[in-house]
Amino acid sequence: MKRRPRVDVHQHLWPSSFVDALRDRSSPPRLDGWTLHLSGEPPYQVDPADHSVPARAALTIRDGIDLALVSMSSALGIEVLPSGESGPLLDAYHHGALALPAPFGVWAAANVVEPDPRMLRDVLDAGCVGLQIPATALIDREGFDRCAPLLAELERAGAPLFVHPGPAAAPDVPAWWPAMVSYVGQMHTAWFAWHEFGARRFPRLRVLFAMLAGLAPLHADRMATRGGPVDVPAPGVYMETSSYGREIVATVLAHLGEDRVLLGSDRPYAAPLALGGSVGVRLRTGNPARFFSNGGE
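All figures in this text were calculated on a predicted structure; none of them were measured in a lab.

Calculation rules
- Residues numbered from 1 in each chain as written.
- Predicted model: local features only at pLDDT ≥ 70, side-chain atom pairs only at ≥ 80, totals over all residues.
- Heavy atoms only, no water.
- Helix = DSSP H or I, 4+ residues; strand = E, 2+ residues; numbered from the N terminus.
- Rg over C-alpha atoms; globule rule 2.2 N^0.38 Å.
- Buried < 20%, exposed > 50% of the residue type's maximum accessible area, 1.4 Å probe, protein only.
- Polar contact = N/O pair within 3.5 Å; in protein donor to acceptor, adjacent residues only side chain to side chain.
- Contact = heavy atoms within 4.5 Å.
- Salt bridge = Lys/Arg side-chain N within 4 Å of Asp/Glu carboxyl O.
- Pairing = 2+ DSSP bridges.
- Right-handed = clockwise from strand over helix to strand, strands pointing away.

1. A short note on the overall build of the protein chain
Helix and strand counts for the protein chain come out as nine helices and eleven strands. Compactness check: the protein chain gives a C-alpha radius of gyration of 18 Å against a globular reference of 19 Å for 297 residues, within 12% of the reference. When the backbone C-alpha atoms are referred to their principal axes, the protein chain occupies close to 50 × 45 × 40 Å. Taking all 297 residues of the protein chain together, 53% fall into the buried category.

2. Observations concerning the side chain of T241
Within the element layout of this structure, T241 appears in the loop between β10 (237-240) and α8 (246-256). For T241, a relative accessible area of 1% translates into the label buried. At 3.0 Å, the side chain of T241 forms a polar contact with the backbone oxygen of G264. For T241, the contacting residues outside a window of four places in its chain are L212, V249, V261, L262, L263, G264 and L283.

3. Here we look at the pattern of salt bridges
Within the structure shown, the criterion is met by eleven salt bridges. Notably, a salt bridge pairs R6 with D66, separated by 2.9 Å at the nearest N-O pair. With R6 in the segment before β1 (7-11) and D66 in the loop between α2 (53-62) and β5 (67-70), this pair connects stretches of sequence that are 60 residues apart. Residue classification places D66 among the partly exposed residues on the basis of a relative accessible area of 27%. We note a salt bridge from R282 to D259, for which the minimum N-O separation is 3.3 Å. On the criterion of sequence distance, the pair formed by R282 in helix α9 (residues 277-291) and D259 in the loop between α8 and β11 (261-262) is long-range, its members being 23 residues apart. Accessibility expressed as a relative area gives 39% for D259, which makes it partly exposed. Linked by salt bridges that have partners in common, E258, D259, R282 and R290 make up one network.

4. Side note on the pairing of strand β8 (residues 161-164)
Going residue by residue along β8, you find L161 and V163 tucked away on one face and F162 and H164 tucked away on the opposite face as well. Relative to β8, strand β7 (residues 131-134) runs parallel, the two sharing four bridges. Note on β8: the bridge partner recorded for Q132 is F162. Once you follow β7 into helix α5 (residues 141-157) and on to β8, the crossover reads as right-handed. In the sheet, β8 pairs with strand β9 (residues 207-209) via three bridges, with the strands oriented parallel. The residue of β9 that forms the bridge with L161 is V207. Handedness of the crossover is the feature at issue here: the chain leaves β8, passes through helix α6 (residues 177-198), returns alongside β9, and the resulting connection is right-handed.

Now the structure itself:
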């Protein structure tokens, strides 16, 4: 029997076409050489080696990963730009990312201010595994109304949704602040918003939350005391492990069960969690295989 691939569902790797498109810009998000400028974060010095395709491919193999799924990163803020600005960046990303060699696969990206389901259909047909959306776009009923054409297209195609931290809004803070405060809060909010506004509306859509949904699932006791819903997580809802260690992951697994969690690293910002035994195999192989199949649960 053919061995299932070992999957890392969350990495970032910028193809040269995308780097060039960011350097062509005069306002955030933009690259000045290798310095990344975003509207809501301090300037960040990118290591060019992190986006060397041969180097990252070799690193992925050393990590024991057969398939690394790369995304554009919603934290850049590209999906919320006016369509005239986001279009060239999205095209450059998809063009370059879909040409990446093994062991890389690709999450699609889309404008969430002016959604274009036809564009999403085209990049899914071209090979993208599903769609990444910024958590900030799915925090209330209005956001779900706006993104509904994209979510409906995913349901039609049987492709999953990946909820990733969106742009931060904290420019005058320490460099660590967005990742520790802004991103965690976004994911926490998006987790509960999905269950309140999305799950019943898109019942066949499989959804993956980055960074253990900001640990929102661990607040079940508090939610129960405040009269929150008891059907959380909804069917088809998963999360990935990026940037969390063994103890936190073990706590989430004990709370939700081992079938709801996938391995995600957030390379180049963190390394994949090394979990051995049957649990590690499940997070790397069995759970991704089920999540990416049309069978869902």
